[in-house]
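Fold and geometry: a report
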Amino acid sequence: MAEPLTTDAPESGAPTTTPAATGRADTRSGWTAARPGETPPGHPGIPMPFAVYEAIRARADAETAPLVDGLFRPSLVLDAETARTDPDATGPGAGQLGGLPALPDGTEWPEFAGRPMQFLAGLDCAGLAEAFRATGAGGVGGDWPLPADGLLLFFHDDWISDFSGRGCRVLHVPAGAPPRRAPESELSTPAVAAVPVGATWQLSAPSYQDCELENLFPDDFMIALDLAADFRDHLPRPDVRVLGWCDTDTGRPEGHRPLLQIENQALDVDWGECVNVSFWITDEDLAAGRFDRVRHGFEVA
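A brief structural summary.

Cut-offs used in this document
- Residues numbered from 1 in each chain as written.
- Predicted model: local features only at pLDDT ≥ 70, side-chain atom pairs only at ≥ 80, totals over all residues.
- Heavy atoms only, no water.
- Helix = DSSP H or I, 4+ residues; strand = E, 2+ residues; numbered from the N terminus.
- Polar contact = N/O pair within 3.5 Å; in protein donor to acceptor, adjacent residues only side chain to side chain.
- Core = buried A, V, L, I, M, F, W, Y, C linked by side-chain atoms within 4.5 Å.
- Buried < 20%, exposed > 50% of the residue type's maximum accessible area, 1.4 Å probe, protein only.
- Pairing = 2+ DSSP bridges.
- Contact = heavy atoms within 4.5 Å.
- Phe/Tyr/Trp six-rings, centres within 6.5 Å; stacked < 30°, edge-to-face > 60°.
- Axes fitted to C-alpha atoms, helices over the stretch in contact; angles between N-to-C directions.
- Expected span 1.5 Å × (residues − 1).
- Arc of directions from axis to C-beta.
- Salt bridge = Lys/Arg side-chain N within 4 Å of Asp/Glu carboxyl O.

Quick look at the side chain of aspartate 69 now. Here aspartate 69 is to be found in helix α3 (residues 65-69). A distance of 2.4 Å separates a polar atom in the side chain of aspartate 69 from a polar atom in the side chain of arginine 57.

A few words now on the nonpolar core. As a rule of thumb, soluble globular proteins bury nonpolar side chains together. Counting residues in each nonpolar core, the largest one holds 60 residues, and the members touching the most others are Phe72 and Phe279. In this structure, Phe112, Phe119, Leu153 and Val173 belong to the second largest nonpolar core, which totals eight residues.

For a regular strand, the rule is simple: side chains alternate between the two faces of the sheet. Pairing geometry for strand β3 (residues 73-79) and strand β11 (residues 240-243), over three bridges, is antiparallel. Bridging from a neighbouring strand, valine 77 pairs with arginine 241 of β11. With three bridges connecting them, β11 and strand β12 (residues 256-263) associate as antiparallel partners. Residue pairing across strands places arginine 241 opposite glutamine 261, the latter belonging to β12.

All right, on to the side chain of serine 278 then. Locating serine 278 in the fold gives a position in strand β13 (residues 274-282). A polar side-chain atom of serine 278 sits 2.8 Å from a polar atom in the side chain of tryptophan 280. What serine 278 contacts, discounting residues up to four positions off in sequence, is Thr250, Leu260, Gln261, Arg295, His296 and Gly297.

Here the structure, examined in full by the defined rule, presents six aromatic pairs. Ring centres of phenylalanine 132 and tryptophan 144 lie 5.2 Å apart, and the angle between their planes is 55 degrees; on these two criteria the pair is classed as tilted. One end of the pair, phenylalanine 132, is in helix α5 (residues 125-133); the other, tryptophan 144, is in the loop between α5 and β8 (151-156), and 12 residues separate them in sequence. Accessibility expressed as a relative area gives 2% for phenylalanine 132, which makes it buried. Assessed through its relative accessible area of 10%, tryptophan 144 is described here as buried. Ring geometry for phenylalanine 154 and phenylalanine 279: centres 5.1 Å apart, planes at 75 degrees, overall edge-to-face. Of this pair, phenylalanine 154 sits in strand β8 while phenylalanine 279 sits in strand β13, placing them 125 residues apart in sequence. For the pair phenylalanine 154 and phenylalanine 279, a shared accessibility class is recorded, and that class is buried. Among the aromatic side chains, those forming a connected cluster through ring pairs are Trp109, Phe119 and Phe155.

To continue, consider unusual backbone geometry. We note that alanine 113 has phi near 55 degrees; this positive angle belongs to a residue other than glycine. In this structure, alanine 113 sits in the loop between β5 (111-112) and β6 (115-116). Residue classification places alanine 113 among the exposed residues on the basis of a relative accessible area of 64%.

Within β13, eight of the nine residues are buried, which leaves the element mostly enclosed by the surrounding structure. Note that β12 and β13 share seven bridges and pair antiparallel. Bridging across to β13, isoleucine 262 finds its partner in valine 277. Of the strand pairs in this sheet, β13 and strand β14 (residues 295-300) are connected by six bridges, and their pairing is antiparallel. Counterpart to asparagine 276 in the pairing with β14 is glutamate 299.

Sheets are built from strands paired through backbone hydrogen bonds, the pairs being either parallel or antiparallel. Spatially, the 10 strands line up as an open sheet ordered β9-β8-β7-β4-β10-β3-β11-β12-β13-β14, and their pairing is antiparallel. With partners counted over all chains shown, the strands left at the sheet margins are β9 (168-173) and β14, one partner each. Recorded for the sheet is a direction-independent mean angle of 25 degrees between the axes of neighbouring strands. Taken strand by strand, α5 contacts β3, β4 (93-97), β7 (118-124), β8, β9, β10 (195-204) and β11, and its axis lies near 55 degrees from that of β7.

Let us look at helix α8 (residues 221-234). For α8, with 14 residues, the first-to-last C-alpha span of 21 Å sits near the 20 Å given by 1.5 Å per residue. If you check which residues of α8 are buried, you get Ala224, Leu227, Ala228, Asp230 and Phe231. In a view along the axis of α8, the buried residues occupy a sector of 160 degrees, so they form one face of it. Projecting away from the buried face of α8 at angles above 90 degrees are the exposed residues Arg232 and Asp233.

Turning our eyes to something else, we now look at the pattern of salt bridges. Per the stated rule, a full pass over the model turns up 10 salt bridges. As a salt-bridge pair, aspartate 210 and arginine 252 come within 3.1 Å of each other at their nearest N and O atoms. On the criterion of sequence distance, the pair formed by aspartate 210 in the loop between β10 and α7 (211-214) and arginine 252 in the loop between β11 and β12 is long-range, its members being 42 residues apart. Salt-bridge contacts for aspartate 292 lead to arginine 290; the nearest nitrogen and oxygen are separated by 2.6 Å. Here arginine 290 falls in the partly exposed class, since its relative accessible area comes to 33%. The structure contains a network of salt bridges with shared partners spanning Arg59, Asp226 and Asp230.

Here's what the structure looks like:
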């Protein structure tokens, strides 16, 4: 189980001490960590479970540890199960997985090879943005990188996954756009049953498969491997994640980062041997709000 996300940053001008010994801030990395149960003094910093902070300093030297800290990314976890039983427990509403999308009138339903793509998620950008900023450390999630309002609609073809972008489509629908009808095939047999989701902020860690972590240890790959195992032990792996790092063993398209990851167990859908679908975007396209070049991949068991 992940430890509580708490912070413990020294007040401005206060002397710094050894982070691993006290739970105080490491001023070189900008991250803070506190032992569970401590009351954080001063202004809040970016939250990191103390066990993660301690594991990094146990394996990496004093120069490399802050660089590892700097790799962590904020993300959002979409909790479908909790939203079914307690809509208020997951924070702001974040839209839904599956169902039928609010596709704007005049917009063609995405297709591949003449067949309609499956609609996987319609995410409420305003709800996601609210959850992203509402962290347990006083709103230090950072700048929201996706559109401020409207919907993000995710489609894919469940027969192709080659990271070319041919088998997926992500559309941003501005708030208030009039909807259109879905194709008859979708109306008669929706590909994915509708499930409402809520969103919560969560820290996301790199894997040993991510070159950003691996490259920090050019002389000993086992350190990256062991750190990745530490991260898995102390940070939960959700069924649905927005942004952050990739949680699975699927391939990583060069120059891209995850936009959305969905485990098949989060949906009432049969993907055969496919256990995870992920959508990927470049930093440049993320900053520009361009979703026409998103790619997608499968993880096969």
